[in-house]
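Single-letter residue listing:
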Amino acid sequence: MRSGTIKSAIAMLAAGAAMFSMTQVRAEEITVAYFLEWPMPFEYAKQKGTYEEELGVDINWVSFESGVKMSAAMASGDVNLSVSQGVPPFVVATSAGQDLQILDVAVSYADNDNCVVRSEHEIDKTNAEELAGKKVAVPLGTAAHYGFLKQMDHFGVDVASMDVVDMDPPDGAAAIAQGSVDVFCGWGGSLRRALEHGNTLLTGAEKTELGILVFDVTSGPAGWVAENGDLVAKFLKVTADANAMWADEANHAEMLPLIAKDAGMDETATAETMATFTFPTVEEQLSDKWLGGNAQTFMKGVADVFVEAGSIDGALDTYENAVNTGPLQAASGM
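Summarised in this report is the structure supplied together with it. (Residues numbered from 1 in each chain as written. Predicted model: local features only at pLDDT ≥ 70, side-chain atom pairs only at ≥ 80, totals over all residues. Heavy atoms only, no water.)

1. Section: the state of the cysteines
Formally: Whenever a pair of cysteine sulfur atoms sits within 2.5 Å, that pair is classed as a disulfide. Runs of E in the DSSP output that reach at least two residues are strands. Runs of H or I that reach at least four are helices, and both are numbered from the N terminus. Type-normalised accessible area, obtained with a 1.4 Å probe on protein chains alone, sets the label of each residue: buried when under 20%, exposed when over 50%, and partly exposed for intermediate values.
On inspection of all chains with the given rule, the structure shows one disulfide. Note on cysteine connectivity: Cys115 is disulfide-linked to Cys185, with sulfurs 2.1 Å apart. Taking the sign of the S-S torsion, 105° for the link of Cys115 and Cys185, the bridge is right-handed. Residue Cys115 is located in strand 5 (residues 113–118), and its partner Cys185 is located in strand 8 (residues 183–187); the two are separated by 70 residues in the primary sequence. For Cys115, a relative accessible area of 4% translates into the label buried.

See the structure below:
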């Protein structure tokens with residue numbers, strides 16, 4: 001498996017982290033990273049201008065293609081917060097020494113991040129060993145990468161026997177459509193497009209049973225968060241309120257058009273995608289199941305898998321310091 005790309009990215013992240021040095025945010029504006037074609041309730045509040053109204057600052061929203069690129073942008077100081085960053089890219093960055101913190105659980109989505117095998121190969125979970133030697137498009141250091149490694153381990157497929165190519169999901173979806181790769185791994189709209197040309201090996205429920213949790217977080221540089229705790233708490237409060245609003249189906253008709261517009265999707269695709277998402281409440285996020293302990297343990301497991309695969313050089317002894325529940329606890333009292 002090619003690991004040079006991910007290790008180069010790690011080196012860049014580490015260098016960026018050294019340069020960041022707790023840069024003060026401009027009081028009149030912050031920059032927040034997010035994904036297109038990844039519809040979430042916060043986008044309703046984003047479209048309504050609620051974040052700016054509650055935080056009292058202008059927000060520069062910037063879309064990214066992967067969580068790895070979000071980490072790099074936070075390392076350089078170009079981004080203050082990242083919404084829905086995957087846990088694996090977060091783990092890759094923190095393992096390399098970047099001082100990032102998880103601030104909330106943005107979304108859980110076992111059915112919306114997966115690998116797809118081109119139909120012509122007629123490979124499913126009953127004959128997955130035939131994947132040996134196949135060409136795979138996967139964004140390295142992401143949740144999709146972690147899920148790919150865990151699935152191949154489950155099926156006993158030696159990843160070293162495969163041709164693994166680092167591709168962002170949109171590029172991977174185009175590649176599997178063209179037949180230039182045999183397997184696609186990714187999420188969101190790219191996953192839906194890839195499924196037009198193939199099939200998954202495992203369902204979301206089957207992956208969860210194997211311990212392949214798939215969730216994203218809101219993250220930020222520890223220094224910036226420490227200096228702007230109140231601002232972060234207000235940001236998380238707006239997000240939590242939007243999630244609570246979406247939890248009541250009576251609000252879907254009002255929220256869906258704005259979420260779809262912001263995600264760059266039609267309303268049908270948006271509804272279908274969000275039906276596979278779960279947005280934990282603040283109380284749930286602060287429980288042992290998530291940020292109260294399990295997330296830290298899970299991150300250590302992700303890091304150890306990446307070390308074993310040769311994708312990163314080493315893991316931290318613990319990821320407890322990579323979670324900061326202070327702003328979320330403050331948000332719960334607002």
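2. Observations concerning the sheet that holds strand 6 (residues 135–138)
This is how the line gets drawn: At least two DSSP bridges between two strands are needed for those strands to be called paired. Fitted lines through C-alpha atoms give the axes, limited to the stretch in contact for helices. The angle between two N-to-C directions lies from 0 to 180 degrees.
Pairing is mixed across the open sheet formed by five strands, whose spatial order is 7-6-8-5-9. On the outer flanks of this sheet lie strand 7 (163–166) and strand 9 (198–200), each paired with one strand and no other. On average, each strand axis in the sheet is inclined to that of its neighbour by 25°, with strand direction left out of account. Looking at chain direction, strand 5 and strand 8 are connected through five bridges and run antiparallel. Looking at the pairing, Val117 lines up with Val183 of strand 8.

3. A few points about the side chain of Asp216
This is how the line gets drawn: In this tally, Asp and Glu contribute negative charge and Lys and Arg positive charge; neither His nor the terminal groups of the chain are included. Throughout this description, the term salt bridge denotes a Lys or Arg side-chain nitrogen within 4 Å of a carboxyl oxygen of Asp or Glu. Contacts described as polar in this section are N or O atom pairs within 3.5 Å, which, within protein, must combine one atom able to donate a hydrogen with one able to accept it, while residues neighboring in sequence count only if both atoms come from side chains. Two residues qualify as a contact provided that any one of their heavy atoms is within 4.5 Å of a heavy atom in the partner residue.
Tracing the chain through its elements places Asp216 in strand 10 (residues 215–221). We note that Asp216 is buried and unpaired, the nearest opposite charge coming from Lys207 at a distance of 11 Å. A polar contact is formed between the side chain of Asp216 and the side chain of Ser84, at a distance of 2.8 Å. Other than its neighbours up to four places away in sequence, Asp216 contacts Trp38, Ser84, Gln85, Gly86, Asp104, Val105, Ala106, Val107 and Tyr109.

4. Here's the deal with helix 7 (residues 169–178)
Side chains that are three or four residues apart share a direction in an α-helix, a result of its 3.6 residues per turn. To be explicit about the condition: This arc is taken over the directions from the axis of the helix to the C-beta atoms.
Restricting attention to buried positions, one finds in helix 7 the residues Pro169, Gly172, Ala173, Ala175 and Ile176. Along the axis of helix 7, the buried positions cluster into a sector of 160°, meaning they face one direction only. Contact partners of the buried residues in helix 7: strand 5, strand 6, strand 8 and helix 8 (188–194).

5. Structural notes on the side chain of Thr218
Here Thr218 lies in strand 10. Take Thr218: its relative accessible area is 1%, and that puts it in the buried class. Of the polar contacts made by the side chain of Thr218, one reaches the side chain of Asp104; its length is 2.7 Å. Leave out the neighbours within four places in its chain, and Thr218 touches Ser82, Val83, Ser84, Gln101, Ile102, Leu103, Asp104, Ala106 and Leu236.

6. Brief notes about the sheet that holds strand 3 (residues 81–86)
Sheet strands pair by backbone hydrogen bonding; their relative direction is either parallel or antiparallel. The mixed open sheet is built from five strands, whose spatial order is 2-1-3-10-4. Of all strands in the sheet, those bounded by a partner on one side alone are strand 2 (58–64) and strand 4 (100–108). Sheet twist, expressed as the mean angle between neighbouring strand axes with direction ignored, is 25°. Bridge count for strand 3 against strand 10 is three bridges, and the pairing is antiparallel. From the neighbouring strand, Gly86 faces strand 10, where its bridge partner is Asp216.

7. Some details on the packing of helix 11 (residues 229–247) against helix 12 (residues 252–263)
For any two helices packed against each other, one specifies the inter-axial angle together with the distance between the axes. The line we're drawing: Note on angle classes: values under 35 degrees are labelled roughly parallel, values over 145 roughly antiparallel, values of 65 to 115 roughly perpendicular, and the remainder oblique. Definitions for this section: a left-handed crossing has its near helix turned counterclockwise from the far helix by less than a right angle. A right-handed crossing has that turn clockwise. When residues are grouped by polarity, Ala, Val, Leu, Ile, Met, Phe, Trp, Tyr, Cys and Pro land in nonpolar, Asp, Glu, Lys and Arg in charged, and all others, Gly among them, in polar.
Where helix 11 meets helix 12, the axes come as close as 9 Å, and the angle between the chain directions of the two elements is 125°. With respect to helix 12, the element helix 11 is oriented oblique. The crossing of helix 11 and helix 12 is left-handed. Contacts between helix 11 and helix 12 involve Ala242, Met245 and Trp246 on the former and, on the latter, His252, Glu254, Met255, Leu256 and Ile259. Considering only residue class, the contact of helix 11 with helix 12 consists of six nonpolar, one polar and one charged.

8. Here's the deal with the pairing of strand 4
In terms of residue burial, strand 4 counts as a mostly covered element, since nine of its nine residues are buried. Bridging between strand 4 and strand 10 involves seven bridges; their strand directions are antiparallel. Paired with Asp104 across the strands is Thr218, a residue of strand 10.

9. Structural notes on the packing of helix 5 (residues 87–95) against helix 15 (residues 294–309)
Contact geometry of helix 5 with helix 15 gives a least axis separation of 9 Å together with a crossing angle of 75°. It follows that helix 5 is roughly perpendicular to helix 15 by the angle criterion. Of helix 15, the residues touching helix 5 (which contributes Val87, Pro88, Phe90, Val91, Val92 and Ser95) are Phe298, Met299, Val302, Ala303 and Phe306. A breakdown of the residues in the contact of helix 5 with helix 15 according to their chemical character gives ten nonpolar, one polar and no charged.

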